[in-house]
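# Examining the three-dimensional arrangement
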Amino acid sequence: MLPGPDDGLDELAPEEALEELVARMLEYRRYRDASVELAARFESQRGYLYRSAPLPPELRRVAVDAAAAVYDPDLLGTALGDLLVEPEELNLSHIRPTVSLERRLRALRDALGRRTNFDFDDEFGGEDRLTQAVTVFALLELYRKGEVTWEQKEPFGPIEVKKVVPG
């Protein structure tokens, strides 16, 4: 990038010398940016120590007989055959289905569409506990919107859900 003893810059016209100077400055900038990038990479890896170790003795020189035993067609066939065996059926019993609040809102609205009031246990008592819990959240959402109300005369007693009739 720096001019040498016989670059011939003395013979250039001023416009040509200017173009040559700009080209060299752009090249300098490219090398400078590359050095900044390399320095940043070096600093980011400073905490790691690398060790060069020779190959273990058993890998330094492999006999032809030992190399041929590794590529035995019977061993290769057995390995490929093991890959072709179908795995056993996965047990998915521990995965619980998701229960959507929107679906439970729809189920409540469907039940209220068939009649104006119903017993919660009669309608949703056969569902699993997670579905019942999400249905209670849906019931609270409908109560918040003013679509339903409910009545429970005693703790842990039956819940009577009633549709609010716009008046």
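Anything mentioned here points back to the structure above.
Residues numbered from 1 in each chain as written. Predicted model: local features only at pLDDT ≥ 70, side-chain atom pairs only at ≥ 80, totals over all residues. Heavy atoms only, no water.

With respect to the helices, strands and loops of the structure, Phe137 is situated in helix 7 (residues 129-144). As for Phe137 and Leu101, which are separated by 36 residues in sequence, their C-alpha atoms are 7.6 Å apart. (Helix = DSSP H or I, 4+ residues; strand = E, 2+ residues; numbered from the N terminus.)

A few words now on the pattern of salt bridges. Applying the stated criterion to the full structure yields 11 salt bridges. We note a salt bridge from Lys145 to Glu141, for which the minimum N-O separation is 3.9 Å. Each of Arg114, Arg115 and Glu123 takes part in one network of salt bridges that share partners. (Salt bridge = Lys/Arg side-chain N within 4 Å of Asp/Glu carboxyl O.)

Attention shifts here to the sheet that holds strand 3 (residues 160-163). Paired through their backbone hydrogen bonds, the strands of a sheet run either parallel or antiparallel. Taken in spatial order, the three strands of this open sheet run 1-3-2, and their pairing is antiparallel. Each end of this open sheet is capped by a strand with a single partner; those strands are strand 1 (117-119) and strand 2 (148-151). Here the strands of the sheet are splayed against their neighbours by 20° on average, with no regard to which way each runs. Looking at chain direction, strand 1 and strand 3 are connected through three bridges and run antiparallel. The partner of Asp119 across the bridge, within strand 3, is Glu160. In the packing of helix 7 onto the sheet, the strands contacted are strand 2 and strand 3, and the crossing angle to strand 2 comes to about 120°. (Pairing = 2+ DSSP bridges. Axes fitted to C-alpha atoms, helices over the stretch in contact; angles between N-to-C directions. Contact = heavy atoms within 4.5 Å.)

Our next topic: the side chain of Arg104. Note on placement: Arg104 falls in helix 5 (residues 101-114). Despite its burial, Arg104 pairs with no opposite charge; the closest candidate is Glu127, at 4.2 Å N-O. With residues up to four places along the chain from it excluded, the contact list for Arg104 reads Val99, Phe124, Glu127, Thr131, Val134, Thr135 and Ala138. (Buried < 20%, exposed > 50% of the residue type's maximum accessible area, 1.4 Å probe, protein only. Lys, Arg positive; Asp, Glu negative; His and termini not counted.)

With that out of the way, let us pick up the packing of aromatic side chains. Any pair of aromatic rings gets described here by the distance separating the centres and the angle formed by the planes. What the rule picks out here adds up to three aromatic pairs. Centre to centre, the rings of Phe118 and Phe124 are 6.0 Å apart; their planes meet at 70°, and the pair counts as edge-to-face. Taking the relative accessible area as the measure of exposure, Phe124 reaches 3% and is therefore buried. Measuring from centroid to centroid gives 4.9 Å for Tyr143 and Trp150, while their planes differ by 55°, and the two rings are tilted. (Phe/Tyr/Trp six-rings, centres within 6.5 Å; stacked < 30°, edge-to-face > 60°.)

Our focus in this paragraph is a nonpolar patch on the surface. The grouping of Leu101, Val136, Phe137, Leu140, Tyr143 and Trp150 at the surface amounts to a nonpolar patch, some 550 Å² of accessible area in total. In terms of residue count, the dominant contributor to the nonpolar patch is helix 7 (four residues). With respect to the helices, strands and loops of the structure, Val136 is situated in helix 7. (Patch = residues over 30% accessible without salt bridge, like charges linked within 9 Å, V, L, I, M, F, W, Y side chains within 5 Å. Areas by Shrake-Rupley, 256 points an atom, 1.4 Å probe, with all protein chains shown as cover.)

Scope: geometric values only; no functional claims are made or implied.
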